[in-house]
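The primary structure of each chain is shown beneath.
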Amino acid sequence: MSRAATPTTRSLRVVVAALVLLCGGEAYAQTLEPISYTVSFPAPHTHYVEIEASFPTEGKTQIELMMAVWTPGSYLIREYERNVEALTAADQARVPLTVEKTRKNRWRISTNGARTVWIRYRVYAHEMSVRTNWVDDEFALINGAPTFITLVESPSRRVHRVRVMLPRTWTRSVSGMTAGPADNTYIAPDYDTLVDSPIVAGSPSVYEFSVGGKPHYLVNFRERGVWNGPQAASDLAKIAETIARFWGDVPFDRFYFLNIIGSAKNGLEHRNATVMNIPLDATSTRDGYLDWLNLASHEYFHAWSGKRLRPVELGPFDYENEVYTRALWFVEGITDYYADLFLARSGVATRDEYLDILSEQIRSLQTTPGRLEQSVEQASYDAWIKYYRSDENTPNTSISYYVKGAVIGFLLDADIRRLTAGSKSLDDVMRALFVKFSGERGFSGADVRSVVADVVGATHAREVRAWLDRALETTTELDYADATNWLGLRITPPAGAPRGYLGVVTQSDDGKTIVTGIRRGSPAASAGISLRDEITAINGDPLPEGQLAQRLARFSPGAKVTLAMTRAGAPRTVDIVLAVDPGHGWQLSPLPDATATQSQRLDIWLAQKR
Ligand SMILES: [Zn+2]
């Protein structure tokens, strides 16, 4: 929506500056010549994608090219240029031109007066993830950032065209980009769109459904006769329908769920698509299937929150340097809260299944010692060095902005409902934020706080702001009582008495039980157990590989046990008093004696009544 109405001194100055820019040098985007790429797979079994690209020189004696070093949505410098090989340049007549490397990810080419410079290079493509490239004789996943070298100058104001040459046995390519005039050709209005538009090619199983009058496609690779595509598409349609109804409008012409089956679960959001990785057995078990539905729900929700409604820092992107924001708790955590909730609201998960999923988020937060060390805004800011560089000590020093953000989403939603006597909810906050900030600029942390305060109203604005500041900026423990009371829920232990807790993470290694993680504040930490210790026996009973949890389950909290261990070949024993498992006691369930009012609130929350 259009904002500023009255011209101020500041906006006048901006207008003047813009005019100077236009007159002083670069032309309008429409007049900049496009960059064109041809993508081919001459020997796909060798895992290479070959690129030929043409760049207009606009009379310059040199042009400088760059490849992105990271992918928006995934906060780590990836050094994609390390997979680039055999880059050469030539003019229209195929006369070679000089190429000089000027940075790890930049190339400078002397044009020798050529109007157009052609470059060729190949990219090694054998990393299966949602942000990288994969090529084999069956299919290709081509992501923009690790593939397309562009001009350093004005890539965001220049059309990028792509032509995909398919191996003979492949049937089609798919991308969210606008289709070009010929089969398997695409047009991106700018480099940002190119990066945001992964291309898949091969012979996928494709399922189409319609949401809000717009076609949606589930594009499955490697179903292997195991993956239940029709069921998945049917349930996905219900979730997408519910999410689109939540926002009230579908802000794209079509949407692609690019689902690469056969690897660990992950997903990456785009403006009109998502790439998902998921194990082959995901539709074979209820838990695995809910995991996939949850992933799809999360990525689809991002088409609104994350891509269009975004923190002010996350766009336009600097593709060569880290970009910092304190708002990943919102982008990822609030999205996670809704991704879970929409499983219940769309009816693909039962109320109990949903409460189990939310309980797991709360349990995960409350059993991570790092929640007492790092606020969720700090966790967002340090994603580049903490979340995306996790090691065995990470749970002790940091908190996931996904997990704590999702729990904050739940508590904030319940709090808004309580403070407004049920007349408003976090749903209203999300829609108000979208209307106000989904344009060019994005939102700040202060904007989120202001919109929440506006939605709850003047009487409680100060209270809800104080709550938000505490939840986002400090490590103070969250309190669940108000939320559960309002919704008629309780947090109770799961069935059975609490089991003894040691506080180690172990891995089996060649028949040995090796300590690979130690939780801060746990009995193991107090007793001096060290990383890489091998636990060999408990109270004199030899410990078979992979049996630590079962053996510990025989003891109650407070029990004293003697562990036999070896450290670097030397035997030692330690006496340890087991504690109460901090993961015990975080199970949400409806209050058995909930009032009719509480039951009604629970129904309204889970049914998205407006
Ligand atoms: Zn996400």
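Scroll up to find the structure.
Our focus in this paragraph is the overall build of the chain. Helix and strand counts for the chain come out as 16 helices and 31 strands. Taking 25 Å as the expected radius of gyration for a compact globule of 610 residues, we find that the chain reaches 27 Å, a close match to that expectation. Across the chain, the fraction of contacts at a sequence separation of at least 24, relative to all contacts at a separation of at least 6, is 68%. Surface summary for the chain: the accessible area is close to 26500 Å², and the carbon and sulfur share equals 50%. Distance between charge centres in the chain, computed from 66 positive and 70 negative side chains, equals 3 Å.

Looking at the metal site, the zinc ion is ligated by His-298 (NE2), His-302 (NE2) and Glu-332 (OE), spaced 1.9 to 2.1 Å from it. Sequence positions of the donors to the zinc ion reduce to the motif H-x3-H-x29-E. Of the two residues, His-298 sits in helix α4 (residues 286–302) while Glu-332 sits in helix α5 (residues 328–345), which places them 34 residues apart along the sequence. This pair shows no difference in class: His-298 is buried, exactly as Glu-332 is.

Turning our eyes to something else, we now look at the sheet that holds strand β21 (residues 273–278). Pairing in this open sheet of five strands is mixed, and the strands run β17-β18-β19-β21-β20 from one edge to the other. If you trace the sheet from one side to the other, it starts and ends with β17 (205–211) and β20 (266–269), each paired once. Each strand axis lies, on average, 15° off the axis of its neighbour in the sheet, ignoring direction. Across the face of the sheet, α4 comes into contact with β17, β18 (214–221), β19 (255–261), β20 and β21 while running at roughly 160° to β21.

Membership of the largest hydrophobic core comes to 105 residues, with the highest contact counts inside it found for Trp-292, Tyr-300, Tyr-338, Phe-410 and Trp-605. Sort the elements by how many residues they give to this core and helix α9 (residues 401–419) lands first, with twelve residues. Setting aside anything within four residues of it in sequence, one finds Phe-410 in contact with Tyr-337, Leu-358, Ile-362, Ala-483, Leu-487, Leu-489 and Trp-605.

For the rest of this paragraph, the subject is the packing of aromatic side chains. Enumeration over the complete set of coordinates arrives at 45 aromatic pairs. Taking the centre distance of 5.0 Å and the plane angle of 80° together, the rings of Trp-227 and Trp-292 count as edge-to-face. Pair noted here: Trp-227 is in the loop between β18 and α3 (229–247) and Trp-292 is in helix α4, with a separation of 65 residues, a long-range link. Considered together, Trp-227 and Trp-292 belong to a single accessibility category, that of buried residues. An angle of 5° between the planes, with centres 6.2 Å apart, marks the rings of Trp-247 and Trp-304 as stacked. Of this pair, Trp-247 sits in helix α3 while Trp-304 sits in the loop between α4 and α5; the two residues are 57 residues apart in sequence, bridging distant segments of the chain.

Looking now at the pairing of strand β29 (residues 570–577). Bridge count between strand β28 (residues 560–567) and β29: eight bridges; the pairing is antiparallel. Of the residues in β29, the one forming a bridge with Lys-560 is Val-577. Linking two consecutive strands that pair antiparallel, namely β28 and β29, is a turn of two residues; a positive phi of about 50° is found at Ala-568 within it.

To continue, consider the pattern of salt bridges. Applying the stated rule across the entire model yields 35 salt bridges. Note that Glu-79 and Lys-104 form a salt bridge whose closest N and O atoms lie 2.9 Å from each other. Of this pair, Glu-79 sits in the loop between β3 (62–66) and β4 (84–90) while Lys-104 sits in the loop between β6 (99–103) and β7 (106–110); the two residues are 25 residues apart in sequence, bridging distant segments of the chain.

Here the focus is the sheet that holds β6. Reading across the sheet, the four strands line up as β6-β7-β3-β11 and stay open at both edges, with antiparallel pairing between neighbours. Every interior strand has two partners, whereas the edge strands, β6 and β11 (150–151), have only one. Relative to β7, β6 runs antiparallel, the two sharing four bridges. Pairing of Lys-101 across the sheet is with Trp-107, part of β7.

A few words on the packing of α3 against α5. Look at α3 against α5: their axes get within 9 Å of each other, and the N-to-C directions meet at 110°. Between α3 and α5, the crossing angle belongs to the class labelled roughly perpendicular. You can see that α3 and α5 cross each other, and the crossing is right-handed. Contacts between α3 and α5 involve Ile-239, Thr-242, Ile-243 and Phe-246 on the former and, on the latter, Tyr-338, Phe-342, Leu-343 and Arg-345. Split into classes, the residues belonging to the contact of α3 with α5 amount to six nonpolar, one polar and one charged.

What follows deals with helix α16 (residues 596–607). Helix length check: α16 (twelve residues) gives 16 Å between terminal C-alpha atoms against 16 Å at 1.5 Å per residue, within 8%. Taken together, the buried positions of α16 are Gln-598, Leu-602, Trp-605 and Leu-606. All buried residues of α16 fall inside an arc of 90° around its axis, so they share one side. In this structure, the buried side of α16 is in contact with α5, α6 (351–366), α9, α13 (481–487), β22 (489–492) and β31 (587–590).

So, on to the packing of α4 against α5. Running from N to C, α4 and α5 point in directions that differ by 125°, and their axes come no closer than 8 Å. When the axes of α4 and α5 are compared, the pair comes out oblique. Crossing geometry of α4 relative to α5 is assigned as right-handed. Across the interface between the two elements, Leu-290, Leu-293, Asn-294, Ser-297, His-298, Phe-301 and His-302 of α4 pack against Val-331, Glu-332, Thr-335, Asp-336, Tyr-338, Ala-339, Asp-340, Phe-342 and Leu-343 of α5.

Cis peptide bonds are those with omega within 30 degrees of zero, and the linkage from Gly-315 to Pro-316 qualifies with -15°. If you check the backbone angles, Ser-154 has positive phi at about 45° while not being a glycine. Relative to the elements of secondary structure, Ser-154 occurs in the loop between β11 and β12 (160–165). Its identity as a non-glycine residue notwithstanding, Ala-568 has a phi of 50°, on the positive side.

What counts, and where the lines are drawn
Residues numbered from 1 in each chain as written. Predicted model: local features only at pLDDT ≥ 70, side-chain atom pairs only at ≥ 80, totals over all residues. Heavy atoms only, no water. Helix = DSSP H or I, 4+ residues; strand = E, 2+ residues; numbered from the N terminus. Rg over C-alpha atoms; globule rule 2.2 N^0.38 Å. Contact = heavy atoms within 4.5 Å. Areas by Shrake-Rupley, 256 points an atom, 1.4 Å probe, with all protein chains shown as cover. Lys, Arg positive; Asp, Glu negative; His and termini not counted. Charge placed at Lys NZ, Arg CZ, Asp CG, Glu CD. Donors = N, O, S within 2.8 Å, 3.2 Å for Na, K, Ca; no water. Buried < 20%, exposed > 50% of the residue type's maximum accessible area, 1.4 Å probe, protein only. Pairing = 2+ DSSP bridges. Axes fitted to C-alpha atoms, helices over the stretch in contact; angles between N-to-C directions. Core = buried A, V, L, I, M, F, W, Y, C linked by side-chain atoms within 4.5 Å. Phe/Tyr/Trp six-rings, centres within 6.5 Å; stacked < 30°, edge-to-face > 60°. Salt bridge = Lys/Arg side-chain N within 4 Å of Asp/Glu carboxyl O. Parallel < 35°, antiparallel > 145°, perpendicular 65-115°, else oblique. Left-handed = near helix turned anticlockwise from the far one by under 90°. Nonpolar A, V, L, I, M, F, W, Y, C, P; charged D, E, K, R; others polar. Expected span 1.5 Å × (residues − 1). Arc of directions from axis to C-beta.

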